[in-house]
Structures are given as C-alpha cells and as structure tokens.
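Per-entry structural report
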Amino acid sequence: MSPTFVIIGGSLTGASAAATLRQVGFDGDVILIGAEQDLPYERPPLSKQYLRREIPFEKALVRPAVFYEQNRIELLLGVRATSVQPVDRLIHLDTGQTVGYDKLLIATGVRNRRPSIPGLDLPGVFDLRTVSDADALRDQIVAGRKAVVGGLGFIGCEVAASLRQKGLDVVGIDPSPAPLFRVLGHQVAQVMAGLHQDHGITTIFDDAVARFEGQGRVERVVTKRGRRIDCDFAVVGVGVEPVIDLVAGSGIETDNGILVDEHCRTTADNVFAAGDVATHYHPVFKRRLRVEHWQNAMQQGAAAARSMLETGRPYDDVHWFWSDQYDTNLQYAGFHHDSKELVVRGSLERRDFLAFYLNDARIDAVIALNRGKDVRRVMPLIKARAIVDPRLLEDEDVAMRSLAHAEVSGGQI
Amino acid sequence: MSSQSVTVRQATDVKLGDLAALEVKGVRIAIANVNGQLFAIDELCTHEQCSLAEEGTLEGSVVTCGCHGAQFDVTTGQVLAPPAVEPLKVYPVLVEAGRIVVEV
C-alpha cells in the first residue's frame, strides 16, 4: 500500500511542503488540510497591494487550482484538525471524521491574539490575518475617513501606510517609543517613526488602546493615558499566538510553538512541524527560534518535506524578510537579540542605509532601508559567522560585494 | 507581432557581470553580460515591477531582484526562486560591428 503523508495547514508552508514532496518524487498520497476555504495563498499582499485593490486574489495564490489536480494533492479545505494522536497515527477533524497518516506535517501557523480590550468586538474594529479579514477591511477604505491603527508592528505599519496611501486620516498607536521597536531596535525604529510621520500619520507612542467606544459601532478609541480619538473604524495588530491546540495531550512538546529540531522533527515519531508554528533549533544561531515570515514559511515547508522523505539536511537558512511601507523597502536578515554594537553604512536621515547588529565582530543581523540588493551579500557573512571589520562595513567606498567575497572565501580581511 | 531590430548601445558598455537598463520602443529591457555573452530580458521583475538593473544583482546567469528576492535565469527568463511566478520575457540580442542589436 502506498504511504499517506498528511499536511495540516493550508497556507504557504503547507503548500510549499506538498509541492516539494512531489518535486522530490514522493509517489504516495498527499492530503492537505486547511482551515480556510480558499486555496493556499500568500499573506504579504493582504496588508498592501490586495488591501489597496491593486491586485486580484488570484495573484496571491501559492499555486493555481490545476496544480493540485496535476500533482495529486488532495485538498480538504474549510476543515479544521482538532487533535492529533501520534500513537495511532490519527487526526481528528471538526467534521467528526478522522484521517490516518504515515507521516504528518503540522503547519498550522499563528492566529491573531484577542486581548481582553473592552469594545474589541464592536462592529468597525478589525484585525487582519485572512483574505476575508482583508475583504472586510477593504470595504472600509474610503478617502477622507478616519482610522485608528492600534499596534505598529509589521502588519500595523503596513496597514497604516496603505490606508494613508488611499487618502485616509490615520492615527497610529503603539506602546513602544517607536514602531517596530523590539525587532528593529530604537535607532532604526526612530527612522520608521519619521517615515510614517512624514507621510501624515498621527503617531502616538508609549500609549495603548484601553477600550473601543461607540453606540452599536466603534466611534472612538480611548487610550490608557486617557486620550480620546474619534474614528470611523479601527484596526488592531497586537500580536499573534501559535496554533497548537491540536497537539494538546498528544505528547508533542511545545514551547511558544511546536518544538522541532533542525530537521523539522517534533518529539513524536513521524510528526514534523514547520512555518510560523514551529519553534525550531537553528544551527547558525545555536538557539531555538520561531519565525513568522514569508521566506521561512516557504523554505522550512520545503525542508520539512525533504525530512519526511529522509532526504533532508539541517534547515539552516538565514532568516530574511521584507516590509514595504509607502515607497520604502525595508529588509532584515539574520537574528539579533542582545547585539552590542550597531554599525551604519549610509544615512539614517536619508533613509538609505544598511544597519548591522554586531556581537564580537560577527554580524547577527542586517537591516536595509532601500538597499535590498546588499542584503543578499551580507547573508553569507551572517551564515558563516564571519569575523568582520566594522570600519569596512560602514565605509561606503568599500563595496559590499568585495567585502562579502573576501570574507566568505578568505575568512579575514 | 512584427519584431524589429534596434541598435541600442556599444557592446563594450555592458561589462562582465553587468545588467544594463535601456528602453527600446517603450519596452524596458535589461542587457546581461554572462561570461561575455549578452542576453536581453524584461527589465522589471514580474513580481512587483522592481527594476532588475537598478535593484538586482547578477551572479553568473542568475539575477536576484533586490526588492523581494525573486530569482530568474537571464538566459531563459525562467523563474528560479519565488516570490515571482511569471517568467521574464527574453529578447533576441546580437552584437553587430561592436554594437548591440535587440529584437523587440
């Protein structure tokens, strides 16, 4: 009998894994279970081009429908897996049915956190994760209306920028001193604050939404510091949590996500996890990471598929992501946590720079604003944990290209 | 569609490993120099229309878009890495008497 590989999670990670299984030559059955009704799609456009009605939904699909037919990938969409029993190799679905597997990949991703903010359920208060969330939010976008965006992480920043680009009045609120403060660090975060302010966003920092008020629909936001901000609608982006309910009691270990090793293996035999839900051991940074970005979804899904086929190698890609806000392209590669030094090549003021987070003369992470092409050249340095000279990093006369080649081939410059 | 050859530039203008942008009858084209051989492709990435000549990097025959990391083979236009899905159009290109001639 041919083996059955099941993937729970019908988004980019799951679709990438399914496609990879076929690409590598797996001939058994492949079943992809997705909680959403739609074919697997990519989420980055939901806060940008799709939200602004610049592209149709079809452009966001990971693969067209015909791909799944041609590759014999059975899709169970609009179905939620409620629990997993590794001992019996069984998955329980919310339809009451069960599905057996020989190998299983869990790629359930994350869901938006729903903190207990009074009025959060009022009509006119939106959040954004799925295409139906984006559709609901799109209908609110009319030039001249007033929106409050609560939480200026990546989704909040991108939504705020899109709303502003469509001519709305936007107030952005974040509990930190600047947007993206935790992930970018204060110097770069201040640059992003300036970017939003220059585009006409009213920013409120060191404050947070205390409650939403209104008669039958949101009319204003009240902040913890007592500000009252009238609005036509509000968007909240206050963090996410991994979807791990289905493994409760299964013996599959979790710690802020499903724990996996560098081969995407969970603590249960024949069960793998990848994408936003996977807290994975990263051989380069020698620690566990959980990453909620497009590249990881794509690549780790593929890596997990290879591990399921026992043709895998350790997943050690340097994490990378982008964020487009207005006409500014932000990119980040690597991982920094307690880096001691920030070295800047270019100009923070002009919003044209590479910013390197260093620790003991090694690059932990690089942030680029409107300098995406140099990020590719830095990624091998991060991966090799190469020793770098900060003076050369910040010297515009030394091409990143030459630096990267010298470093990776020679070790020292 | 009738194609037409247009002489666009001195061949020596496109150095080894370079991607040079030009406009031919309203079409933005990039000329890539791969080990001395020239290839002509659409200049804009099919993902989100970033300029490959300005934002991209060419390594061998692979161009990587600087905006979101899509990769293409400049000799065939084929997608090598997402997020791009659609291939780049490729155009016949040849060198005549030291000048580049592109057929659009």
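Residues numbered from 1 in each chain as written. Chains lettered and ligands numbered in written order. Predicted model: local features only at pLDDT ≥ 70, side-chain atom pairs only at ≥ 80, totals over all residues.

Observations concerning the overall build of chain B
Secondary structure assignment for chain B yields 1 helix and 11 strands. Sequence-ordered secondary structure for chain B, helices as α and strands as β, is β-β-β-β-α-β-β-β-β-β-β-β. Here the C-alpha atoms of chain B give a radius of gyration of 13 Å, agreeing with the 13 Å that 2.2 N^0.38 yields for 104 residues. Across its three principal directions, the C-alpha atoms of chain B cover 40 × 30 × 20 Å. Each of the 104 residues in chain B was classed as buried or not, and the buried ones make up 34%. Long-range pairs, those at least 24 residues apart, make up 40% of the contacts in chain B between residues at least 6 apart in sequence. (Helix = DSSP H or I, 4+ residues; strand = E, 2+ residues; numbered from the N terminus. Rg over C-alpha atoms; globule rule 2.2 N^0.38 Å. Buried ≥ 20, exposed ≤ 12 C-beta atoms within 10 Å, placed from the backbone. Contact = placed C-beta atoms within 7 Å.)

Considering the interface of chain A and chain B
Counting residues at the interface gives 6 residues for chain A and 8 residues for chain B. Looking at the side of chain A that touches chain B, the element that brings in the most residues is helix α8 (residues 372-384) of chain A, giving 3 residues. Within the side of chain A that touches chain B, the residues separate by chemical class into 2 nonpolar, 2 polar and 2 charged. (Nonpolar A, V, L, I, M, F, W, Y, C, P; charged D, E, K, R; others polar.)

As for the packing of helix α1 (residues 12-24) of chain A against helix α7 (residues 294-308) of chain A
All names here are of chain A. Packing of α1 against α7 brings their axes to within 7 Å, and their N-to-C directions diverge by 40°. With respect to their mutual orientation, α1 and α7 come out oblique. Considering the relative orientation of α1 and α7, their crossing is right-handed. Contacts from Leu12, Thr13, Gly14, Ser16, Ala17, Thr20, Leu21 and Val24 in α1 reach Trp294, Ala297, Met298, Gln300, Gly301, Ala302, Ala304, Ala305, Arg306 and Met308 in α7. (Axes fitted to C-alpha atoms, helices over the stretch in contact; angles between N-to-C directions. Parallel < 35°, antiparallel > 145°, perpendicular 65-115°, else oblique. Left-handed = near helix turned anticlockwise from the far one by under 90°.)

Digging into the nonpolar core
Ranked by size, the top nonpolar core spans 124 residues in total, and within it Leu105, Ala234, Ala273 and Val366 of chain A carry the most contacts. In contact with Val366 of chain A, other than residues within four places in its own chain, are Ala333, Gly334, Leu354, Ala355, Phe356, Val375 and Val378 of chain A. (Core = buried A, V, L, I, M, F, W, Y, C linked by C-beta atoms within 7 Å.)

What to know about the domain arrangement of chain A
Residue and element names in this part refer to chain A. Domain boundaries assigned for chain A yield domain 1 (4-111 + 241-308), domain 2 (125-238) and domain 3 (327-410). For domain 2 versus domain 3, the separation of C-alpha centres amounts to 30 Å. The partner domain 3 presents 7 residues to the 6 residues of domain 2 that form the contact. If one sorts the elements of the side of domain 2 that touches domain 3 by residue count, helix α6 (residues 186-198) sits on top with 4 residues. (Domains from an automatic or database assignment.)

With respect to the environment of Met192 of chain A
Residue and element names in this part refer to chain A. Positionally, Met192 belongs in helix α6. Judged by local crowding, Met192 falls into the buried class, with 23 C-beta atoms found within 10 Å. Counting along the chain gives 174 residues from Met192 to Ala18, while the straight-line C-alpha distance between them is 37 Å. The contacts of Met192, once residues within four sequence positions are left out, are Cys157, Ala178, Pro179, Leu180 and Leu184.

Here's the deal with α6 of chain A
Residue and element names in this part refer to chain A. The end-to-end C-alpha distance of α6, which contains 13 residues, comes to 18 Å, matching closely the 18 Å that a straight helix rising 1.5 Å per residue would cover. Those residues of α6 that sit buried are Val188, Ala189, Val191, Met192, Ala193, Leu195 and His196. Gly200, located one to two residues past α6, shows a positive phi value of around 95°. (Expected span 1.5 Å × (residues − 1).)

As for the pairing of strand β11 (residues 169-174) of chain A
Residues and elements named next belong to chain A. Most of β11 sits out of view: 5 of its 6 residues are buried. Bridge analysis of strand β10 (residues 146-150) against β11 gives 5 bridges, and the strand direction is parallel. Paired with Gly150 across the two strands is Ile173, which belongs to β11. (Pairing = 2+ DSSP bridges.)

Brief notes about the sheet that holds strand β3 (residues 73-77) of chain A
Residue and element names in this part refer to chain A. Read across the sheet, 5 strands follow the order β3-β2-β1-β7-β19 without closing on themselves; strand pairing throughout is parallel. Two strands close off the open sheet at either side, each with one partner strand: β3 and β19 (271-273). Here the strands of the sheet are splayed against their neighbours by 20° on average, with no regard to which way each runs. Note: strand β1 (residues 4-8) against strand β7 (residues 103-106), 4 bridges, orientation parallel. Looking at the pairing, Ile7 lines up with Leu105 of β7. Seen against the sheet, α1 touches β1, β2 (29-34), β3 and β7 and runs at an angle of roughly 175° to β2.

Some words on the sheet that holds strand β24 (residues 341-347) of chain A
Residue and element names in this part refer to chain A. Read across the sheet, 5 strands follow the order β22-β23-β26-β25-β24 without closing on themselves; strand pairing throughout is antiparallel. Because the sheet does not close on itself, it has two edges, and the strands there are β22 (320-325) and β24. Neighbour to neighbour, the strand axes of the sheet diverge by 15° on average, direction disregarded. Pairing geometry for strand β25 (residues 352-359) and strand β26 (residues 362-369), over 7 bridges, is antiparallel. Of the residues in β26, the one forming a bridge with Leu358 is Ile363.

Thoughts on the environment of His336 of chain A
Residue and element names in this part refer to chain A. The topology assignment puts His336 in the loop between β23 (328-334) and β24. His336 sits in the buried class, given 22 other C-beta atoms within 10 Å. Spatially, the C-alpha atoms of His336 and Phe285 are 9.3 Å apart, while their sequence positions differ by 51 residues. Filtering out sequence-adjacent residues up to four positions away, His336 remains in contact with Tyr357, Asp364 and Ala365.

Things to note about unusual backbone geometry
Of note, the amide linkage connecting Pro82 of chain B to Pro83 of chain B takes the cis form, showing an omega dihedral of 15°. Residue placement: Pro83 of chain B occurs in the loop between β8 (79-81) and β9 (90-91). Even without being glycine, Asn256 of chain A reaches a positive phi, approximately 55°. Topologically, Asn256 of chain A is positioned in the loop between β17 (240-242) and β18 (258-260). Residue class for Asn256 of chain A comes out exposed when judged on the 11 C-beta atoms lying within 10 Å of it. Positioned with a positive phi, Glu310 of chain A is a non-glycine residue whose angle comes to about 60°. Mapped onto the elements of the fold, Glu310 of chain A is located in the loop between α7 and β22.

Some words on the pairing of strand β10 (residues 93-96) of chain B
Residues in a regular strand point their side chains to alternate faces of the sheet. Residues and elements named next belong to chain B. As judged from the 4 bridges shared by β10 and strand β11 (residues 99-103), these two strands associate in the antiparallel manner. Its bridge partner being in β11, Val95 is matched across the sheet by Ile100. Count of turn residues in the β10/β11 antiparallel hairpin: 2 residues, of which Ala97 carries a positive phi of about 50°.

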